[in-house]
Amino acid sequence: MSNSPIGVFDSGVGGLSVLAALQAELPGERFVYFSDAAHAPYGERGDAFVIERTLDIARRLVDAHGIKALVGACNTATAAAIGLLRAAYPDLPLVGVEPALKPAAAATRTGHVGVLATRGTLASGKFKALHDGLKTDRVRFSLMPCDGLAGAIERLDETAIQTLAAKYVGALGRFGHAPGEIDTLVLGCTHYPFIAADLQRLAGEPVRLIETGQPVAQQARRLLAAKGQLAVGGSSGSLQLLTSGDASALDAAAGRWLQVGAGAVALG
Ligand code: DGL
């Protein structure tokens, strides 16, 4: 079992930002990454659709690839379906992602945090519970559903990326370090780290951007260690890329965003 792969999935290329952190944390592991590009983006599709896709992908990764753990590298899918996944696979170590509100609340000095995420994530009961549990008299969160932004990143549509990023960051309010200004920005969708430089430029240099790749990778390590299922020392890692969409587009995205050694990627 310790030599079985870890499954990672997202609606598209966004989860590669989490995969990069997983590969850095667990370099000896085999990974199978599934991009559901034929059905992306998930953020504006509604729960029933996202739940059906998530369960279908999990079934495929378990049945055809014998994964030993599953990382839902998608905030939208985690919000809609992680409970159902846990019920369907009670023995499989499962890690989801959620917007990093907790670290942001600890980091902010002005008490004002901006959150960029998909409409689906922000509308979910899971997000509402997280948000309601963390907002206090000291910390408030301004929430921005970013319709179309993950899709633009998925298509590498530079014009749409710039237009939408400016629109949503601008609509959040004033950024800075004066009381009441936003000094911390949560990237609550795994596609957004790929445009972190644009978001940083729009928000301003002193603003801190927070994403979730590393804590997710550390949680995956903890769960596998607890089950004695970490890859044995000295084993070399590998990556298989799977997609319901265009394989060459995923390959190009992986080449652009991952430290992929030649021959490490099998498209299937
Ligand atoms: N990358 C995903 C997320 O973290 C999904 C974006 C989308 O498909 O809308 O929410």
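Coordinates for the structure precede this section.
None of these values were measured; they are calculated from a predicted model. (Residues numbered from 1 in each chain as written. Predicted model: local features only at pLDDT ≥ 70, side-chain atom pairs only at ≥ 80, totals over all residues. Heavy atoms only, no water.)

Draft legend 1. Highlighting the packing of aromatic side chains. Within the structure shown, the criterion is met by two aromatic pairs. Judged by centre distance (6.5 Å) and plane angle (80 degrees), the ring pair of Y42 and F49 falls under edge-to-face. Judged by its relative accessible area of 21%, F49 falls in the partly exposed class. Seen in terms of ring centroids, F194 and W257 are 3.8 Å apart; in terms of plane orientation they differ by 15 degrees. Their pairing is stacked. Residue F194 is found in the loop between β7 (184-187) and α9 (196-203), and its partner W257 is found in helix α11 (residues 247-257); the two are separated by 63 residues along the sequence. The class for F194 is buried, based on a relative accessible area of 19%. One Lys or Arg, R45, reaches over the ring of F49 and ends 4.1 Å from the middle of that ring. (Phe/Tyr/Trp six-rings, centres within 6.5 Å; stacked < 30°, edge-to-face > 60°. Buried < 20%, exposed > 50% of the residue type's maximum accessible area, 1.4 Å probe, protein only. Helix = DSSP H or I, 4+ residues; strand = E, 2+ residues; numbered from the N terminus. Lys NZ or Arg CZ within 6 Å of the ring centre and 35° of its normal.)

Draft legend 2. Looking closely at the site of the ligand. Residues in close proximity to the ligand total 13 residues, the closest being S11, Y42, G43, T76 and H191. At 2.6 Å, a backbone N or O of Y42 approaches an oxygen atom of the ligand. When the ligand sits alone it has 300 Å² of accessible area, and the protein chains cover 100% of it. Taken together, the residues that form the shell around the ligand break down as five nonpolar, seven polar and one charged. (Near = heavy atom within 4 Å. Polar contact = N/O pair within 3.5 Å; in protein donor to acceptor, adjacent residues only side chain to side chain. Areas by Shrake-Rupley, 256 points an atom, 1.4 Å probe, with all protein chains shown as cover. Nonpolar A, V, L, I, M, F, W, Y, C, P; charged D, E, K, R; others polar.)

Draft legend 3. Focus on the nonpolar core. Formed by 53 residues in total, the largest nonpolar core has its most connected members in V8, L16, L22, L116, L185, Y192 and L199. If you tally residues by element for this core, the top one is helix α8 (residues 158-172), at seven residues. Apart from residues no more than four positions distant in its own chain, L116 is found in contact with M144, C146, Y168, V169, L172, L185, V186, L187, G188, C189, Y192 and L199. Counting residues in hydrophobic clusters, the runner-up holds 18 residues, among them F9, A58, L70 and L85. (Core = buried A, V, L, I, M, F, W, Y, C linked by side-chain atoms within 4.5 Å. Contact = heavy atoms within 4.5 Å.)

Draft legend 4. Highlighting the packing of helix α1 (residues 16-25) against helix α10 (residues 213-226). Contact pair α1 / α10: the axes reach a minimum separation of 8 Å and the direction vectors enclose 50 degrees. Considering the angle they form, α1 stands oblique to α10. The chirality of how α1 crosses α10 is right-handed. Side by side, α1 and α10 meet where V18, A21, L22 and E25 of the first sit next to G213, Q214, V216, A217, Q218, A220 and R221 of the second. Its residues assigned to classes, the contact of α1 with α10 comprises six nonpolar, three polar and two charged. (Axes fitted to C-alpha atoms, helices over the stretch in contact; angles between N-to-C directions. Parallel < 35°, antiparallel > 145°, perpendicular 65-115°, else oblique. Left-handed = near helix turned anticlockwise from the far one by under 90°.)

Draft legend 5. Examining the sheet that holds strand β5 (residues 112-117) more closely. As summarised here, the arrangement of the four strands in space is β6-β5-β7-β8, forming an open sheet in which the pairing is parallel. Looking at strand neighbours, the two that pair on one side only are β6 (140-145) and β8 (208-210), the edges of this open sheet. Taken over all neighbouring pairs, the strand axes of this sheet differ in orientation by 20 degrees on average, direction set aside. Summarising the sheet, β5 and β6 pair through six bridges and their orientation is parallel. Paired with H112 across the bridge in β6 is R140. Sheet strands touched by α8: β5, β6 and β7. Its angle to β6, the strand with the most contacts, is close to 155 degrees. (Pairing = 2+ DSSP bridges.)

Draft legend 6. Here's a closer look at the pattern of salt bridges. Inspection of every chain in the model, using the stated rule, returns 12 salt bridges. One salt bridge in this structure joins K68 and E29, with 2.6 Å as the shortest N-O distance. A residue pair is termed long-range when its members are at least 10 positions apart, and K68 in the loop between α2 (47-65) and β3 (69-72) and E29 in the loop between α1 and β2 (30-35) qualify at 39 residues. Residue classification places K68 among the buried residues on the basis of a relative accessible area of 0%. The class of E29 is buried, set by a relative accessible area of 3%. Connected through shared salt-bridge partners, D36, R53, D56 and R59 make up one network. (Salt bridge = Lys/Arg side-chain N within 4 Å of Asp/Glu carboxyl O.)

So far we have only geometry, and geometry alone does not tell us how the molecule works.
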